[in-house]
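Examination of the molecular architecture
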Amino acid sequence: MRSAAVLEALEELIVRLELREPQSFRIQAYKKLWDTLSRLPETAWASAEALIRALHGQPGIGEGLLNTAVGLYENSTVPLLEELRAEVPDSLLELRRLPGLGPKRIHQLWKEARITSIDALDQAIARGKLQNLAGWGPALLKKVEESIQFYRSTAHQWLLQEAQALWIEAVHALRERGIMVVPLGALRRAWPLLSHIEGALPASQKDHAREAGWQLIESTRLKHSDFPIELHLIPDKHWVETLALEGFSEENRQKLQRLFSQVKEIPATEEALFFRAGLPYILPAWRDWPDIVDLALAGKLPEPLTEAHVRGSVHVHTTYSDGRDSLEAMATTAQQMGWKWLGIADHSERAAYAGGLSPERLAQQGEEIARLNASYKGTFLLLRGIEADILPDGRVDYEEAIWRRLDFIVASVHEKLRMSREEATQRLLTALGNPYVRVLGHWTGRLLRARPGYPIEEERILKVCAERGIAIEFNANPYRMEIDWRWVRRAAELGVRVILTTDAHSVQELSYWKNGLAVLQKGLLPPDLLLNAAAFPPFPLNS
């Protein structure tokens, strides 16, 4: 899409400009342009003329920024971007992915220490070459060294959303020809991070696949010429059984093979094979659990979560704080998806960097929510909430007079993330003592491929949530995907309710819930503990 290409090029311009001129006044101007462009309707991207009309009169968009937008639209670049590409090394952009290194620090490394890559930075720290660089004390050096180690452990992995996009594009030609092809491995089992992307193809379709751009690298494997994806050729007569056994541990495979061997005639589908062997179908997402076959034999598998169980969600941001779309636009999209309710949770006042709402602004939003709810006449419900910051001492942002006027509070940590296990646990426990908190957000604050999250006493936190009826957020943002699925099962065992959220900052991001549901499903959560399955409202309202 033209809009995506323009925004991507403009973002690159901003990033490179920040690295070259960290304190340039132009940076905020280009960020304003990016923000304005991201909010334009699809009709504004029909032509350059339509884009000019849409930008005309927009606050803060003068002739220079207008020309930049049109140049990016027509040519995918502008002179300033080409200048920055020539001057700012590409490897500096990778340095931005290290937590603790902002544009000013990277500019300092580049200009004062001639360091332009992660490898060079790692070597400089190891050799003690940064100890005399202004501001680079022992604490920062240790933090950056840890960041490098974490980055290297995950840098070459794909997010689930990225892997899915690559897979869809790679197999498009095959599916257009009616050829059956299915994902395997971590992609099929909905891992949030993947090291490999692979799939399966009936061996009889090998020649058709080669015609579609797949190259034979072994007698049983194909590799796409343009994408880092491999296909395993499976003999047609073993297709169903191979898929049915895929993803299990060796011990579980042996158990299943014994059961499948008793099936006289292999049916046409995996599901049917399991049923004929006397088992419920074990979803691919469940197959990482070592005791999953025993659970199936004992009849203890939960009812699978399905898309039909998701009737609404909370933790949605709008233009009242740092969201890109209006309150009404988010509500309209939720209704178009078939949802019955939506919980608005913009940032609280403490999060000034994200446009956190003052009490007055929060009251204004509440009035708009009331007006919209009146217009829905009971067919849809907007819940009035907030994502309230958990302060360093564990208190929740705002005061009780404000809390009691809200339908719910999602309590999240956004600042001072470097904590000991004891500090982080006590901070969360203090917040969970607030009787107005309905949802614990962000769990450990991890960002996949960016930061590991703060350590907590998970068991203790879950037990308190169970005792106080507080739900845990499963945040489906592709970079978060937590509460980690390994802890979802324990939450279910303790009776803790989980709510699948998108943390959406735009109407497009509301779609994150589908991938989130797939990952959440891995945790063996039964539908009766998924708050999204509730008829509205999902929990007792405060207001």
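In short, a report on the structure. A quick note: this is a predicted structure, and the numbers were derived from the prediction, not measured. (Residues numbered from 1 in each chain as written. Predicted model: local features only at pLDDT ≥ 70, side-chain atom pairs only at ≥ 80, totals over all residues. Heavy atoms only, no water.)

**Regarding the environment of Ser76**
To keep things clear, this is the line we draw: Secondary structure follows DSSP: runs of H or I at least 4 residues long count as helices, runs of E at least 2 residues long count as strands, and numbering of each begins at the N terminus. Here, two residues are considered to be in contact whenever any of their heavy atoms come within 4.5 Å of each other.
By the secondary structure assignment, Ser76 is in the loop between α4 (63–75) and α5 (79–87). As a C-alpha pair, Ser76 and Ala9 span 67 residues in sequence and 6.9 Å in three-dimensional space. In contact with Ser76, other than residues within four places in its own chain, are Ala9, Gly71 and Leu81.

**Concerning the sheet that holds strand β12 (residues 439–440)**
Put simply, the rule is: Note on pairing: two strands pair once DSSP finds at least 2 bridges between them. Each axis is a line fitted through C-alpha atoms, and for a helix only the stretch in contact is used; angles between axes span 0 to 180 degrees, taken between their N-to-C directions.
Taking strand neighbours across the sheet as the criterion, the 7 strands line up as β8-β9-β10-β11-β12-β13-β14 in an open arrangement whose pairing is parallel. Across the chains shown, the open sheet's two edge strands, defined by having one partner strand only, are β8 (312–316) and β14 (498–501). Lying over the sheet, helix α17 (residues 327–336) contacts β8, β9 (341–347) and β10 (381–389), oriented at roughly 145° with respect to β9.

**What about the side chain of Gln521?**
Definition in use: Here's how the labels work: a residue is buried when its accessible area is under 20% of the maximum for its type, exposed when over 50%, partly exposed in between, all with a 1.4 Å probe on protein chains only.
Tracing the sequence through the fold places Gln521 in helix α23 (residues 513–521). Among the residues examined, Gln521 registers a relative accessible area of 15% and is labelled buried. Residues within four places of Gln521 in sequence aside, it is in contact with Leu283, Ala285, Trp286, Pro304 and Leu305.

**So, the nonpolar core**
So the rule is basically this: Throughout this description, the term nonpolar core refers to a set of buried Ala, Val, Leu, Ile, Met, Phe, Trp, Tyr and Cys residues connected via side-chain atoms within 4.5 Å.
Formed by 123 residues in total, the largest nonpolar core has its most connected members in Trp214, Ile292, Leu342 and Leu382. Contact partners of Leu382, with chain neighbours within four places excluded, come to Leu327, Ala331, Leu342, Ile344, Ile369, Leu372, Asn373, Tyr376 and Asp407. By size, the runner-up hydrophobic cluster in this structure holds 52 residues, among which are Leu13, Trp34, Leu133 and Ala155.

**Topic: the pairing of β8**
Counting buried positions along β8 gives 5 out of 5 residues, so the element sits mostly inside the fold. Note that β8 and β9 share 3 bridges and pair parallel. Following the sheet pairing, Gly312 is matched in β9 by Trp341.

**What to know about the sheet that holds strand β4 (residues 197–202)**
Sheet strands associate in pairs through backbone hydrogen bonding, adopting either a parallel or an antiparallel arrangement. In space, the 5 strands of this open sheet follow the order β2-β4-β7-β6-β5, with mixed pairing throughout. The two strands at the open ends of the sheet, each matched to only one other strand, are β2 (182–184) and β5 (214–218). Along the sheet, successive strands turn relative to each other by an average axial angle of 35°, direction set aside. Here helix α10 (residues 160–176) sits on the sheet in contact with β2, β4, β5, β6 (221–224) and β7 (229–234), set at roughly 25° to β4.

**With respect to the packing of helix α2 (residues 26–38) against α4**
Selection rule: Should an angle lie under 35 degrees it is considered roughly parallel, over 145 roughly antiparallel, and from 65 to 115 roughly perpendicular; all remaining angles are considered oblique. Crossing handedness: left-handed means the near helix sits turned counterclockwise from the far one by under a right angle, and right-handed means the same turn made clockwise. Under the convention adopted here, Pro, Cys and the residues Ala, Val, Leu, Ile, Met, Phe, Trp and Tyr are nonpolar, Asp, Glu, Lys and Arg are charged, and Gly plus all remaining residues are polar.
Remark: α2 packs on α4, axes separated minimally by 11 Å, with the N-to-C direction vectors making an angle of 55°. One way to sum up the angle between α2 and α4 is to call them oblique. By crossing handedness, the relation of α2 to α4 is classed as right-handed. Facing α2, whose interface residues are Ala29, Tyr30, Leu33 and Leu37, α4 presents Leu65, Thr68 and Ala69. Along the lines of polarity and charge, the residues of the contact of α2 with α4 split into 6 nonpolar, 1 polar and no charged.

**Here's the deal with unusual backbone geometry**
Positive phi outside glycine occurs at Ser76, with the angle close to 65°. Residues other than glycine seldom take positive phi values, yet Arg114 does so here, at roughly 60°. Of note, Arg114 is situated in the loop between α7 (103–113) and α8 (118–126). In this structure Arg114 comes out as exposed when scored by relative accessible area, which is 63%.

**Let's talk about the pattern of salt bridges**
Condition: Salt bridge criterion: a side-chain nitrogen from Lys or Arg within 4 Å of a carboxyl oxygen from Asp or Glu.
Taken as a whole and judged by the stated rule, the model has 40 salt bridges. A salt bridge links Asp484 to Arg446; the nearest nitrogen and oxygen atoms lie 2.9 Å apart. With Asp484 in the loop between β13 (471–475) and α22 (485–493) and Arg446 in the loop between β12 and α21 (458–468), this residue pair connects regions lying 38 residues apart in the sequence. As far as the burial class goes, Asp484 and Arg446 line up, both buried.

**Description of α21**
Here is the rule we go by: What the arc measures is the spread of directions leading from the helix axis to the C-beta atoms.
By the burial criterion, the buried members of α21 are Glu458, Ile461, Leu462, Val464 and Cys465. For α21, the angular spread of buried residues about the axis comes to 160°, placing them on one side. If you follow the buried residues of α21, they end up packed against α20 (421–432), β12, β13 and α22. Count one or two residues on from α21 and you reach Gly469, which has phi positive near 70°.

**Brief notes about the packing of aromatic side chains**
Where we set the bar: Any pair of Phe, Tyr and Trp rings, taking the six-membered ring for Trp, is counted once the centres come within 6.5 Å. Such a pair is stacked with planes under 30 degrees apart, edge-to-face with planes over 60 apart, and tilted for the rest.
Tallied over the full model, the rule gives 8 aromatic pairs. For the ring pair Phe274 and Tyr281, a centre distance of 5.4 Å and an interplane angle of 80° mean the geometry is edge-to-face. Each member of the pair, Phe274 as well as Tyr281, carries the same accessibility label: buried. An aromatic cluster is present here, built from Trp191, Trp289 and Trp485 joined pairwise through their rings.

**Some points on the packing of helix α1 (residues 2–20) against α2**
Where α1 meets α2, the axes come as close as 10 Å, and the angle between the chain directions of the two elements is 165°. Relative to α2, α1 is oriented roughly antiparallel. With respect to the hand of their crossing, α1 and α2 are arranged in left-handed fashion. In this structure, α1 uses Val6, Leu7, Leu10, Glu11, Leu13, Ile14, Leu17, Glu18 and Arg20 to contact α2, whose residues at the interface are Arg26, Ile27, Tyr30, Lys31, Leu33, Trp34, Leu37 and Ser38. For the contact of α1 with α2, the class distribution of residues is 11 nonpolar, 1 polar and 5 charged.

**Comments concerning the side chain of Asn475**
Put simply, the rule is: For the purposes of these results, a polar contact is taken to be a pair of N or O atoms within 3.5 Å, where, inside protein, one atom must be able to donate a hydrogen and its partner to accept one; residues adjacent in sequence count only when each atom of the pair is a side-chain atom.
Here Asn475 lies in strand β13. You can call Asn475 buried: its relative accessible area is 0%. A polar contact of 3.2 Å, which involves the side chain of Asn475, links it to the side chain of Asp503.

**So, α7**
When α7 is considered as a whole, its buried residues turn out to be Ile106, Gln108, Leu109 and Trp110. Just downstream of α7 lies Arg114, where phi reads positive at about 60°.

**Here we look at the pairing of β6**
Examined bridge by bridge, β5 and β6 share 4 bridges and lie antiparallel to one another. Residue pairing across strands places Leu216 opposite Leu222, the latter belonging to β6. In textbook terms, the turn of a hairpin is the stretch between consecutive antiparallel strands, and for β5 and β6 this stretch comprises 2 residues. Strand direction decides the pairing type here: β6 and β7, joined by 3 bridges, are antiparallel. By the bridge assignment, Arg221 is partnered in β7 with His232. Where β6 folds back on β7, the antiparallel hairpin that results is connected by 4 residues.

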